[in-house]
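# Overview (structure and organization)
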Amino acid sequence: MHSHNYISTRGSIEPITFEDAVMMGLADDGGLLLPAEIPRLSSLKSWRQLSYPELAMAIIRLFADGGLSDGELQRLTADSYRTFSHSQTAPVHKAGPLYILELFHGPTLAFKDIALQFLGNLFEHLLRKRGGELNLLGATSGDTGSAAIHGVRGKDNIRIFVMHPKGRVSLIQEKQMTTVLDENVHNLAIEGSFDDGQRILKNLFSDLDFKRRYSLGAVNSVNWARVLAQVVYYFYAAFRVQEETACDKVQFAVPTGNFGDIFAGYVAFRMGAPIEKLILACNENDILYRFFSTGVYSKGEVKATLSPAMDIQVASNFERYLYYRLAENPEAVRTLMEEFAKTGSVKIPGEDPVFVAGTMDREGTLSAIGRYYRQFGYLLDPHTAVGASVAEGHLRENVPTICLATAHPAKFPDAIRQAVGEDIAKHPLIEEILHLPSQCHDLPAEEDAVRDYVERRIQNG
Ligand SMILES: *Cc1c(COP(=O)(O)O)cnc(C)c1O
C-alpha cells in the first residue's frame with residue numbers, strides 16, 4: 001500500500017507519499033523533497049539485460065512506494081521513451097578517450113526530455129486517478145520551456161503557459177516552443193526581458209488565492225520525479241560500457257547548471273551503481289566548481305556563455321546534496337540555507353570522496369568542439385564540450401570515463417560555426433520546425449496582462 005516515505009530537506013513537513021511529492025514539487029516548508037531512504041542494491045545482475053524503458057520501470061518502482069502498479073509503470077515508461085528516435089533511447093558512443101552518453105534523442109533534442117516526457121505522462125496519470133486539473137506556468141530563457149511543452153502537449157486535464165522574452169530567444173528555441181499547436185499549449189511572448197518573465201511568475205505564484213483557484217503548478221527543475229527519471233541512464237550507460245570493457249567501475253563527467261542531472265548520478269552512486277567518481281563540469285558560471293574546490297558556496301554574477309543552459313549561479317537542486325553532506329540533518333540544512341539567503345555565502349565543512357570538479361572557458365569549449373570533430377569525427381554541442389574538456393583533466397587508468405551529451409549540436413549552430421568554421425550542425429527535426437506554422441501571443445511585461453490571459457483561457461475550457 002501507499003507509504004509515506006517522502007521528507008523535506010528542511011524537516012518541517014510530515015512525511016508524504018510519492019504521489020503527493022510529485023504533485024507538490026517544492027516542499028511546503030521551502031525545502032526540497034527526498035525519499036526518506038535511498039534503497040541500496042546488493043546485486044545489479046537482473047538489471048543488466050533490461051531495455052531502457054524496462055530499466056526505468058525497475059528503478060522507478062523502488063521509489064514509488066506502491067503508489068503505481070507494475071502495469072501502470074510499464075505503460076508510463078514505455079509511453080515516455082517511445083517518443084525517442086533512437087532504439088536504445090540513450091546510446092553510448094566512443095569518441096577518443098571518452099564514451100559519450102547521448103541523451104538528446106528526444107523531441108527537443110536535449111536531455112531534459114528524458115525527465116519531462118516521463119513527468120508529463122505521470123502528471124496525466126495522477127490527475128486521472130485523483131481528479132482535478134493542473135495549469136503549469138513557467139518563464140523560460142529558452143531551454144526548459146520547450147522540453148516542458150513537449151512533455152505535456154495534448155495531455156488530458158493539463159494546460160501549460162510558457163512566457164519567453166519576445167525576440168530574445170534563438171530562432172530554434174522559439175520555433176521549438178511555438179510550433180506546438182496543441183490546444184493545451186500557450187506560448188506567451190513577453191515584451192520585455194527574461195527577468196520580467198521571472199518577476200511576473202514570482203508575483204503570480206505568491207498570490208495564493210489565484211494559485212489555488214486555478215490549480216497552478218510550476219515548471220521547474222526541483223520535482224523529485226525529474227531527478228528519479230535521470231537516475232536511470234547512469235545505470236544504463238555503466239552497463240553498456242562494462243559490456244564493452246569488462247571494467248569494475250566507470251566515472252561520469254556531467255555538464256552542470258542546476259545540479260539536477262549530477263544529483264541523479266549521486267543517487268545512482270548511493271544505490272550501488274558502479275561509479276568511481278562524478279566529475280562536475282561548469283562553464284564560467286563556476287559556483288559549484290568553487291564549492292567543490294574550496295568548500296565555500298557563494299553567489300557570483302551570471303555571465304552569458306556558449307552553453308546558456310548552464311548559465312546559473314545558484315543551483316536549485318544543490319540543497320538535496322547538502323542534506324546528505326550534512327549527515328541527513330534537516331536542522332543543519334535549514335540553518336545553512338537561511339545563512340546563504342542572508343549573506344550569499346556559506347562554508348561547508350568536510351570533503352566528498354565521490355565528486356571532483358572543473359570549469360571551462362569559452363576558448364577551451366570551442367577548442368574541444370573543433371578537436372573532437374577533426375580527430376574523432378564526433379560533433380559535440382557546447383554544453384557537452386564543457387563536460388568533455390573538463391573530463392580530459394580527470395582521466396584514470398582502468399576506469400572508463402562517460403561524458404553526458406546533454407544536447408544535439410544542431411541546437412547551437414552558431415557555436416559550432418565558430419568552432420569548426422563551417423555550418424555542419426544539422427538535424428532533420430530542426431530543419432522541419434523552421435518551416436512549420438507557429439502560434440504565440442504577444443503580451444506586455446505586466447503581471448495583470450498575464451493573469452488576465454491565464455484566467456480567460458482556463459475559464460474558456
Ligand atoms: C538544463 C541543461 C543542462 C544543465 O542541467 P542541470 O540539471 O541544470 O545541471 C546542461 N545542458 C543542457 C543542454 C541543458 O539543457
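Residues numbered from 1 in each chain as written. Predicted model: local features only at pLDDT ≥ 70, side-chain atom pairs only at ≥ 80, totals over all residues. Heavy atoms only, no water.

## As for the site of the ligand
As a reminder, the rule being used: Any residue with a heavy atom positioned within 4 Å of a molecule or strand is treated as near that molecule or strand. Here a polar contact is taken to be a pair of N or O atoms separated by no more than 3.5 Å, where protein atoms must pair a possible hydrogen donor with a possible acceptor and residues adjacent in sequence count only if both atoms sit in side chains. The Shrake-Rupley method, run with a 1.4 Å probe, gives the accessible areas here. Residue values count only the displayed protein chains as cover.
Neighbouring the ligand are 14 residues; K112, G257, N258, D261 and T406 lie closest to it. Between the ligand and the protein, one listed contact pairs a nitrogen atom with a side-chain N or O atom of T406 at 2.8 Å. With the chains in place, 95% of the 380 Å² that the ligand exposes on its own is no longer accessible.

## Remarks on the pattern of salt bridges
We count it as follows: Salt bridges are identified by distance alone: a Lys or Arg side-chain nitrogen within 4 Å of an Asp or Glu carboxyl oxygen. Comment: elements are numbered from the N terminus, with helices defined as DSSP H or I runs of at least four residues and strands as E runs of at least two.
Within this structure, the stated rule accounts for 25 salt bridges. The partner of R153 in a salt bridge is D182, with the nearest N and O atoms 2.9 Å apart. Pair noted here: R153 is in the loop between α5 (143-152) and β6 (158-165) and D182 is in the loop between α6 (171-178) and β7 (185-191), with a separation of 29 residues, a long-range link. When the shortest N-O distance is used, the salt bridge between R213 and D209 registers 2.9 Å. Taken together, the positions of R213 and D209, both in helix α8 (residues 208-213) and four residues apart, correspond to about one turn of that helix. Members of the salt-bridge network, linked through shared partners, are E19, D20, K129 and R130.

## Regarding the nonpolar core
Applied cut-off: For the purposes of this section, nonpolar cores are sets of buried Ala, Val, Leu, Ile, Met, Phe, Trp, Tyr and Cys residues that join through side-chain atoms within 4.5 Å. Working definition: with a 1.4 Å probe on protein chains only, accessible area under 20% of the residue-type maximum means buried, over 50% means exposed, and in between means partly exposed. Any two residues having at least one pair of non-hydrogen atoms within 4.5 Å are treated as being in contact.
One finds F235, F252 and F259 to be the most contacted residues of the largest nonpolar core, which totals 108 residues. For this core, the element with the most residues is helix α9 (residues 224-245), which contributes 15 residues. What F252 contacts, discounting residues up to four positions off in sequence, is Y234, A237, A238, I275, K277, L278, I279, I402 and L404.

## Notes on empty space enclosed by the protein
Heads up, the rule is: The method works on a 1 Å grid over the protein atoms by themselves. A cavity is a set of points holding a 1.4 Å probe that cannot get out, a pocket is an open set with protein on both sides within 12 Å along at least five of seven lines, and residues with an atom within 4 Å of a point line them. Grid points are joined across faces, edges and corners, and a volume is the space filled by probe spheres set on the points. For this classification, the nonpolar set comprises Ala, Val, Leu, Ile, Met, Phe, Trp, Tyr, Cys and Pro, the charged set comprises Asp, Glu, Lys and Arg, and every other residue, Gly included, is treated as polar.
For the coordinates displayed, the defined rule picks out four cavities of 30 Å³ or more. Counted as a void, the largest cavity has a volume near 110 Å³. Looking at the largest cavity, it is lined by 13 residues, and the ones nearest its centre are L116, L119, F123, L136 and V219. Contributions of two or more residues to the lining of the largest cavity are made by α4 (112-130) and α5. By residue number, the principal contributor to the lining of the largest cavity is α4, which donates four residues. The residue makeup of the lining of the largest cavity, split by class, is eight nonpolar, four polar and one charged.

## Regarding the packing of aromatic side chains
What counts is decided by this rule: Aromatic contacts are taken between Phe, Tyr and Trp rings whose centres are within 6.5 Å, Trp giving its six-membered ring; a plane angle under 30 degrees counts as stacked, one over 60 as edge-to-face, and the others as tilted. Over a ring means this: the NZ of a Lys or the CZ of an Arg is within 6 Å of the ring centre and within 35 degrees of the ring normal.
Enumeration over the complete set of coordinates arrives at 33 aromatic pairs. On the basis of an interplanar angle of 90° and a centroid distance of 6.4 Å, the ring pair of F161 and Y453 is categorised as edge-to-face. You can see F161 sitting in strand β6 and its partner Y453 sitting in helix α18 (residues 447-459), a full 292 residues away along the chain. With a relative accessible area of 0%, F161 lands in the buried category. The interplanar angle of 80° and the centroid separation of 5.1 Å between the aromatic rings of F291 and F318 together place this pair among those described as edge-to-face. Here F291 is found in helix α11 (residues 287-294), whereas its partner F318 is found in helix α12 (residues 318-325), with 27 residues between them in sequence. Judged by relative accessible area, F318 falls into the buried class, the value being 1%. When the ring centre of Y99 is taken as reference, the NZ or CZ atom of K94 above it lies at 5.3 Å. Taking the ring centre of F210 as reference, the NZ or CZ of R451 above it sits at 5.2 Å.

## Thoughts on the packing of α4 against α9
Our working rule: Axis lines are fitted to C-alpha atoms, over the contacting stretch for helices. Their N-to-C directions set the angle, which ranges from 0 to 180 degrees. Each angle gets one of four labels, with under 35 degrees taken as roughly parallel, over 145 as roughly antiparallel, 65 to 115 as roughly perpendicular, and the rest as oblique. Two helices that cross are described as forming a left-handed crossing if the nearer one is turned anticlockwise from the farther one by less than a right angle, and a right-handed crossing if clockwise.
α9 packs onto α4 with a crossing angle of 130° between their chain directions and a minimal axis gap of 8 Å. Comparing their axes, α9 and α4 come out oblique. Pair α4 / α9 crosses with right-handed handedness. Facing K112, I114, A115, L116, F118, L119 and L122 of α4, the residues of α9 in contact are A225, R226, A229, Q230 and Y233. Taken together, the residues of the contact of α4 with α9 sort by class into nine nonpolar, one polar and two charged.

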